[in-house]
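An overview of the molecular structure
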Amino acid sequence: MSNARTAREWVGRLSGLVGVLFGIASIAAGASVLAGHDPGYLTFRPLLWFNVAMGLAYIVVGILAWRRAAKAWKAAGLIAGLNVLVLVVIFVLSRSGGHVAVDSVRAMLLRSAVWVLLTAGVAWSGRAADGRESRANE
């Protein structure tokens with residue numbers, strides 16, 4: 001196995017692992033607040049539900065990336081795009097006097113940045129973009 005292939009595989013696996021862990025953290029944090037835990041700042045319930053639902057998607061796409069699924073980078077890109085879209089919406093709401101805390105905007109900025117990077121990692125790793133590789137070839 002060449003060094004380039006090893007590096008690409010390592011980045012793809014790491015991207016998958018980070019996606020799964022990020023999903024678990026998103027579900028735990030969102031579900032905790034939905035269950036009544038006070039995070040210490042104003043919460044926007046639609047954003048909480050979005051983050052919990054996306055946490056499930058993060059786990060699924062993380063597993064796809066880890067398993068070298070052909071559509072992993074497209075699914076990761078969809079997640080990144082949705083996160084950026086929601087970031088823009090809650091930023092506008094926050095700036096226009098809506099009930100969205102600055103902490104929520106920062107958290108959504110983090111989610112968006114992480115998924116943009118994960119999308120790049122999965123795409124670069126060649127797991128999905130290459131199409132020639134599959135789990136059967138391992």
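Just so you know, these numbers come straight off a predicted model, no measurement behind them.

1. Notes on the overall build of the chain
A count of helical and extended segments in the chain gives 4 helices and 0 strands. The helix and strand sequence of the chain, counted from the amino end, reads α-α-α-α. Looking at the 138 residues of the chain, the share that counts as buried comes to 38%. The contacts of the chain with a sequence gap of at least 6 include a subset with a gap of at least 24, amounting to 76%. Total accessible area on the chain stands at roughly 7800 Å², and carbon and sulfur atoms take up 69% of it.

2. Quick notes on the packing of aromatic side chains
This model, assessed by the stated rule, comprises 2 aromatic pairs. With centroids separated by 5.9 Å and ring planes inclined at 40°, the aromatic side chains of phenylalanine 22 and tyrosine 58 adopt a geometry described as tilted. Of the two residues, phenylalanine 22 sits in helix H1 (residues 3–34) while tyrosine 58 sits in helix H2 (residues 45–66), which places them 36 residues apart along the sequence. Given a relative accessible area of 18%, phenylalanine 22 falls into the buried group. Through successive ring pairs, a cluster of aromatic residues spans Phe22, Tyr58 and Trp115.

3. Here we look at the pattern of salt bridges
On inspection of all chains with the given rule, the structure shows 2 salt bridges. Between glutamate 9 and arginine 13 there is a salt bridge; the shortest N-O distance is 4.0 Å. Of this pair, glutamate 9 and arginine 13 both sit in helix H1, 4 residues apart, which is roughly one turn of that helix. As far as the burial class goes, glutamate 9 and arginine 13 line up, both buried. For arginine 106, the salt bridge goes to aspartate 103, with nearest N and O atoms at 3.5 Å. Placement of the pair is arginine 106 and aspartate 103 together in helix H4 (residues 102–125), with a separation of 3 residues, close to one helical turn. Looking at aspartate 103, the relative accessible area reads 33%, which means it is partly exposed.

4. Concerning the side chain of serine 26
Inspection of the secondary structure puts serine 26 in helix H1. For serine 26, the contacting residues outside a window of four places in its chain are Asn51, Val52, Gly55, Tyr58 and Arg111.

5. Describing the environment of arginine 13
Exposure remark for arginine 13: the relative accessible area of 18% places this residue in the buried category. Along the sequence, arginine 13 and alanine 65 sit 52 residues apart, while their C-alpha atoms lie 6.8 Å from each other.

6. So, the confidence of the model for the chain
In this model, the chain carries a mean pLDDT of 88, and residues with pLDDT of at least 70 account for 90%. Scored below 50 in pLDDT, residues 127–138 makes 28 contacts in the model with residues more than four places away or belonging to other chains.

What counts, and where the lines are drawn
- Residues numbered from 1 in each chain as written.
- Predicted model: local features only at pLDDT ≥ 70, side-chain atom pairs only at ≥ 80, totals over all residues.
- Heavy atoms only, no water.
- Helix = DSSP H or I, 4+ residues; strand = E, 2+ residues; numbered from the N terminus.
- Buried < 20%, exposed > 50% of the residue type's maximum accessible area, 1.4 Å probe, protein only.
- Contact = heavy atoms within 4.5 Å.
- Areas by Shrake-Rupley, 256 points an atom, 1.4 Å probe, with all protein chains shown as cover.
- Phe/Tyr/Trp six-rings, centres within 6.5 Å; stacked < 30°, edge-to-face > 60°.
- Salt bridge = Lys/Arg side-chain N within 4 Å of Asp/Glu carboxyl O.
- pLDDT = per-residue confidence, 0-100.

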